[in-house]
2 protein chains.
Amino acid sequence: MAIILYDLAAADECVRFSPYCWRTKMALRHKGIKFETIPWRFTDKEAIAPSGSSRVPVLADGDKWIADSWNIALYLDEAYPERPLMDGDTIRSLCKFVNSWCDISVNKALRPLALLQVFAILHDKDKDYFRKSRETMLGMSLEDTCADQALAQTEFIEVMALAEQELSTQLYLGGDAPCYADYALFGSLKWVHTLSGDTPLASDSSMRMWFERMLDLYDGYARNAPTAQI
Amino acid sequence: MAIILYDLAAADECVRFSPYCWRTKMALRHKGIKFETIPWRFTDKEAIAPSGSSRVPVLADGDKWIADSWNIALYLDEAYPERPLMDGDTIRSLCKFVNSWCDISVNKALRPLALLQVFAILHDKDKDYFRKSRETMLGMSLEDTCADQALAQTEFIEVMALAEQELSTQLYLGGDAPCYADYALFGSLKWVHTLSGDTPLASDSSMRMWFERMLDLYDGYARNAPTAQI
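Residues numbered from 1 in each chain as written. Chains lettered and ligands numbered in written order. Predicted model: local features only at pLDDT ≥ 70, side-chain atom pairs only at ≥ 80, totals over all residues. Heavy atoms only, no water.

Draft legend 1. Here's a closer look at helix H8 (residues 206-220) of chain A. Those residues of H8 of chain A not exposed but buried are Ser206, Met207, Arg208, Trp210, Phe211, Met214, Leu215, Leu217 and Gly220 of chain A. For H8 of chain A, the secondary structure elements touched by its buried residues are helix H1 (19-31), helix H6 (149-167) and helix H7 (180-196) of chain A. (Buried < 20%, exposed > 50% of the residue type's maximum accessible area, 1.4 Å probe, protein only. Helix = DSSP H or I, 4+ residues; strand = E, 2+ residues; numbered from the N terminus. Contact = heavy atoms within 4.5 Å.)

Spelled out as structure tokens, the structure:
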């Protein structure tokens, strides 16, 4: 039985925008593991209840359920050791650092650029849940969060300076080949790319060239994924 | 002939406070390489001229001169492969990410907590140079940079959240054992520790426990280093 990935979907079930699900999809492709995705909406809590989580990504591998993109990456390397995402304790620890940097800094910087676009493409049944949960977390409306797009762009580029510097001298965050750190950061960028068909990266930036390389990996897997047509 | 490290010193030549020199000293200890340090002041440009750099750390290894803490780390792993600081391309690339995060985010957050204390302990011949170069870089006076210590503490703790999260589940940024990423971050913290005898880390934080472990490494090498008595 193929591995099943519950993958966050828009009203159009072909549009899969979750940054965390993108980490998992790229990790599965990296390892060459066959999988099927099931489109999942924010309010489909029952479908993933066996995992103990109320959010995706959730993986069902036979009778095993694994939730959370980081836990899934660890699980994949343990259950399927070939083509490791993170080869050994030191790499795993350092990848966790980059993964957390994406969670804490990058995704935060992308929220003002992404949240209203997410809201616009959601299935109707998800809209109330999404607005309420995000506005509670942020302490302000989606509209206020996304009010100043110019400022958001500037702050995003500031946060990206670190990755831009790294990628100016190497192909991937993992050096000559991608590792899980690359998939963590790629997920963030693929989030806004799926929403708008583009990213805020400058066309001549090292980050842009890296992003294009990432889109091309595994027979253009991410490049061929449908984006939203707003 | 032992390796020579030109090491930034205060008026009291026993007080060595440079975050970048601390990276190099910990790296040398990690590898078990014997070295001697020469106290160096900001205005001693002639002494390190053969390196092509006007700043320390500078290493003289026989007739080779190597400047810049990152370049020195690469050199040490190449010239002395045993006990690697960064074992392989992936670890090296990920350590560079953490190293740059320390340069860009951590040291910037520490400046308002450190710069006036640095100025206070400098050799008289360095004071004009230090004030002018830093004030030009920052676009404001040292006093204005350091005016709001409470805000600086808050911002520092915010930046540290990423490392705090990592170190809550593992002994070192490198996992079970320290790697160069740990020395990069340690250098930043040892900077303020050398200036004040303490750090802004909360006593019950994972970062504090990590810092104490780092002070203990290599027979308490960093713990035994003199701090400033202001």
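So, next bit.
Draft legend 2. A look at the pairing of strand E4 (residues 64-67) of chain B. All names here are of chain B. Bridging between strand E3 (residues 58-61) and E4 involves 4 bridges; their strand directions are antiparallel. Note that in E4 the partner of Leu59 across the bridge is Ile66. Following E3, the chain reverses through 2 residues before pairing antiparallel with E4; Gly62 in that reversal takes a positive phi of roughly 65°. (Pairing = 2+ DSSP bridges.)

Draft legend 3. Quick look at the packing of helix H3 (residues 89-121) of chain A against H7 of chain A. All names here are of chain A. For the pair H3 and H7, the least separation of the axes is 9 Å and the interaxial angle reads 5°. Overall, the two elements H3 and H7 adopt an arrangement that is roughly parallel. Taken together, the residues of the contact of H3 with H7 sort by class into 18 nonpolar, 5 polar and 1 charged. (Axes fitted to C-alpha atoms, helices over the stretch in contact; angles between N-to-C directions. Parallel < 35°, antiparallel > 145°, perpendicular 65-115°, else oblique. Nonpolar A, V, L, I, M, F, W, Y, C, P; charged D, E, K, R; others polar.)

Draft legend 4. Region of interest: the interface of chain B and chain A. Between chain B and chain A, the residue contacts involve 23 residues of the former and 23 residues of the latter. On the chain B side of the contact with chain A, Leu94, Phe97 and Leu162 of chain B bury the most area, a combined 31% of that side's loss. Inspection of the region where chain B meets chain A yields 2 salt bridges. Note that Lys96 of chain A and Glu166 of chain B form a salt bridge whose closest N and O atoms lie 3.9 Å from each other. (Buried area = accessible area lost by both parts, 1.4 Å probe. Salt bridge = Lys/Arg side-chain N within 4 Å of Asp/Glu carboxyl O.)

Draft legend 5. Quick look at the relation of the copies chain B and chain A. Structural alignment of chain B on chain A gives an RMSD of 0.0 Å, achieved by rotating through 180° and translating 0.0 Å along the axis. Here the transformation between the copies is reduced to the relation of a two-fold axis. When the interface residues of chain B are mapped onto chain A, 100% of them again fall at the interface, so both copies present the same face. (Least-squares fit on C-alpha atoms with pLDDT ≥ 70 in both.)

Draft legend 6. How the structure looks around the packing of aromatic side chains. Scanning the model with the defined rule gives 20 aromatic pairs over all chains in all. Here Phe42 of chain A and Tyr129 of chain A contribute two aromatic rings whose centre-to-centre distance is 5.7 Å and whose plane-to-plane angle is 35°, an arrangement assigned as tilted. Remark: Tyr129 of chain A occurs in helix H4 (residues 124-138) and Phe42 of chain A occurs in the loop between strand E2 (35-40) and strand E3 (58-61); sequence separation between them is 87 residues. Overall, Tyr129 of chain A belongs to the partly exposed group, its relative accessible area being 27%. Seen from their ring centres, Tyr6 of chain B and Trp65 of chain B are 5.7 Å apart, and the 20° between their planes marks the pair as stacked. Residue Tyr6 of chain B is located in strand E1 (residues 3-8), and its partner Trp65 of chain B is located in strand E4; the two are separated by 59 residues in the primary sequence. Note on Trp65 of chain B: relative accessible area 29%, which makes it partly exposed. Through a chain of ring-to-ring contacts, the aromatic side chains of Trp22, Phe35, Phe186, Phe211 and Tyr221 of chain A assemble into a single cluster. When the ring centre of Trp22 of chain A is taken as origin, the NZ or CZ atom of Lys25 of chain A, which lies over that ring, is 3.8 Å away. Above the face of the Phe119 of chain A ring, Lys127 of chain A is positioned so that its terminal group lies 4.8 Å from the ring centre. (Phe/Tyr/Trp six-rings, centres within 6.5 Å; stacked < 30°, edge-to-face > 60°. Lys NZ or Arg CZ within 6 Å of the ring centre and 35° of its normal.)

Draft legend 7. Spotlight on the sheet that holds strand E2 (residues 35-40) of chain B. Residues and elements named next belong to chain B. Taking strand neighbours across the sheet as the criterion, the 4 strands line up as E2-E1-E3-E4 in an open arrangement whose pairing is mixed. Two strands lie at the open edges of the sheet, namely E2 and E4, each paired on one side alone. Neighbour to neighbour, the strand axes of the sheet diverge by 20° on average, direction disregarded. Inspection of the sheet shows E1 paired to E2 by 6 bridges, in the parallel sense. Each residue of the ladder has a partner; that of Leu5, found in E2, is Thr37. Packing of helix H1 (residues 19-31) onto the sheet brings it into contact with E1, E2 and E3, and relative to E1 it is tilted by some 150°. Along the sheet, helix H2 (residues 69-79) makes contact with E3 and E4, crossing E4 at roughly 135°.

Draft legend 8. Inspection of the nonpolar core at higher detail. Phe17, Trp101 and Leu185 of chain A together with Phe17, Trp101 and Leu185 of chain B are the most contacted members of the largest nonpolar core, which totals 160 residues. Leu185 of chain A has contacts with Trp101, Cys102, Val106, Met160, Ala163, Leu173, Met207 and Trp210 of chain A, leaving out every residue within four places of it along the chain. (Core = buried A, V, L, I, M, F, W, Y, C linked by side-chain atoms within 4.5 Å.)

Draft legend 9. How the structure looks around the pairing of E1 of chain B. All names here are of chain B. Counting buried positions along E1 yields 6 of 6 residues, so the element is predominantly enclosed. Going residue by residue along E1, you find Ile3, Leu5 and Asp7 tucked away on one face and Ile4, Tyr6 and Leu8 tucked away on the opposite face as well. The β-α-β motif built from E1, the intervening H1 and the parallel element E2 has right-handed crossover chirality. Relative to E3, E1 is paired through 3 bridges, and the arrangement is antiparallel. Note on E3: the bridge partner recorded for Leu5 is Leu59. (Right-handed = clockwise from strand over helix to strand, strands pointing away.)

Draft legend 10. Highlighting the pattern of salt bridges. Residues and elements named next belong to chain A. Summed over the entire model, instances satisfying the criterion amount to 25 salt bridges over all chains. For Arg223, the salt bridge identified is with Asp216, shortest N-O distance 2.8 Å. The class of Arg223 is partly exposed, set by a relative accessible area of 36%. For Asp216, a relative accessible area of 44% puts it in the partly exposed group.

Draft legend 11. Just the state of the cysteines, in detail. According to the stated counting rule, one finds 0 disulfides over all chains in the structure shown. There is no disulfide at Cys95 of chain A, and the cysteine sulfur nearest it, in Cys179 of chain A, is 3.7 Å away. Owing to a relative accessible area of 0%, Cys95 of chain A belongs among the buried residues under this scheme. You can see Cys21 of chain B has no disulfide; the closest cysteine sulfur is in Cys14 of chain B, sitting 15 Å from it. (Disulfide = S-S within 2.5 Å.)

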